[in-house]
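Summary of the model geometry
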Amino acid sequence: MTGVTDGQHARVGVGFRPIDGFTDYQAKYYAHELQRSYASDHVGKLAGLLFDAQVEPKPHQIDAALFALQTPFLKGVILADEVGLGKTIEAGIVISQYWAERKRSTLIIAPSSLRQQWQQELYEKFLIPSSLLDAKTKDRLLGVGRSPEVLICSYEFAQRHELSLLRAWDVVVADEAHRLRNFWNGKAKVANAVAHIVDGAHKTVLLTATPLQNKLEELYGLVSVFDPNYFYSLDAFRERYIKNRESAAFDDLGDRVAQVSKRTLRRDADKYIRFTERLPLTVGFEPGQPAQGECRQGGLSG
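A brief look at the structure comes next. (Residues numbered from 1 in each chain as written. Predicted model: local features only at pLDDT ≥ 70, side-chain atom pairs only at ≥ 80, totals over all residues. Heavy atoms only, no water.)

1. Observations concerning the overall build of the chain
- Each helix and strand counted, the chain has 14 helices and seven strands in total.
- Taken over 302 residues, the chain has a buried fraction of 43%.
- The contacts of the chain with a sequence gap of at least 6 include a subset with a gap of at least 24, amounting to 70%. (Helix = DSSP H or I, 4+ residues; strand = E, 2+ residues; numbered from the N terminus. Buried < 20%, exposed > 50% of the residue type's maximum accessible area, 1.4 Å probe, protein only. Contact = heavy atoms within 4.5 Å.)

The structure is reproduced here in structure tokens:
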């Protein structure tokens, strides 16, 4: 084929397909330019995504998303904002960035009751298609040659079909991740399954408003889900941070945790978010004679 350049060969080569208005080559070039133009902790990295998204992220949500994206050397992060501060939006921004970079092998693990909410949020706010993964759709959605989309499953599904989910995910998001806190004791079946699933992921994002409730070991457990060697071992963690009561140990633990987790409190966000004001009201109640009789009758009959 004389007179044809290598570039022309590339344009007429087998497997050439325009995707979303761009050729494979163009998409790869633009993704490279996005990565090259801005540092990973610069909001400009997300400018195009935020422009197209049907949502106006709050400052702390952008900070949290950048925190997750600017740590490529970490296998995972914990986004632990207080309730009502929009952790779903933060995870959506992270997923959108991976999606824009053509890294679209994405799994979301959430409580069963929140799966459809996740699907709706992803499409309405970020225009990202997704499907609910269950026993009926498993073979079709996990098969070879499917169209790129986010898959959403429950924790129960992840436990029952762990082997089917062992693959090289680009990003795995676990919502209500406090369910995984007991991973440290080795007896939590769901947490063990999730840990095996995220082991092959490029990035894991855990979402929880309560990363710590009863024991410091729970914090160890959450981090160990995506990086079992971060604190070396459970014995080392206990020796350094639980048995050691010196303030330097707590400072060191705070520094270590800050490298893998991001938390915003409601009082930190009230400068730009108007929370519904709730005032406790005490109302005196004195039951009349008939009401007292009814109470006694109800107590006797119960």
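2. Comments concerning the pairing of strand S1 (residues 76-79)
- Residues Gly76 and Ile78 point to one face of S1 and Val77 and Leu79 to the other, with burial holding for every one of them.
- Two strands pair when backbone bridges link them, and S1 and strand S7 (residues 261-262) are joined in this way by two bridges, in the parallel orientation. Each bridged residue has a counterpart across the sheet, and for Ile78 the counterpart in S7 is Ser261. (Pairing = 2+ DSSP bridges.)

3. Some details on the side chain of Asp175
- Within the secondary structure, Asp175 sits in the loop between strand S5 (171-174) and helix H9 (189-198).
- Polar contacts involving the side chain of Asp175 include one to the side chain of Trp118, which spans 2.9 Å.
- Apart from the residues within four sequence positions on either side, Asp175 is in contact with Ile109, Ala110, Pro111, Leu114, Trp118, Tyr155 and Leu207. (Polar contact = N/O pair within 3.5 Å; in protein donor to acceptor, adjacent residues only side chain to side chain.)

4. Structural notes on the pattern of salt bridges
- This structure, assessed with the given rule, holds seven salt bridges.
- The residue Lys103 makes a salt bridge to Glu101 at a minimum N-O spacing of 3.3 Å.
- Under the relative-accessibility criterion, Lys103 is labelled partly exposed at 28%. (Salt bridge = Lys/Arg side-chain N within 4 Å of Asp/Glu carboxyl O.)

What is shown is where atoms sit, not what they do.
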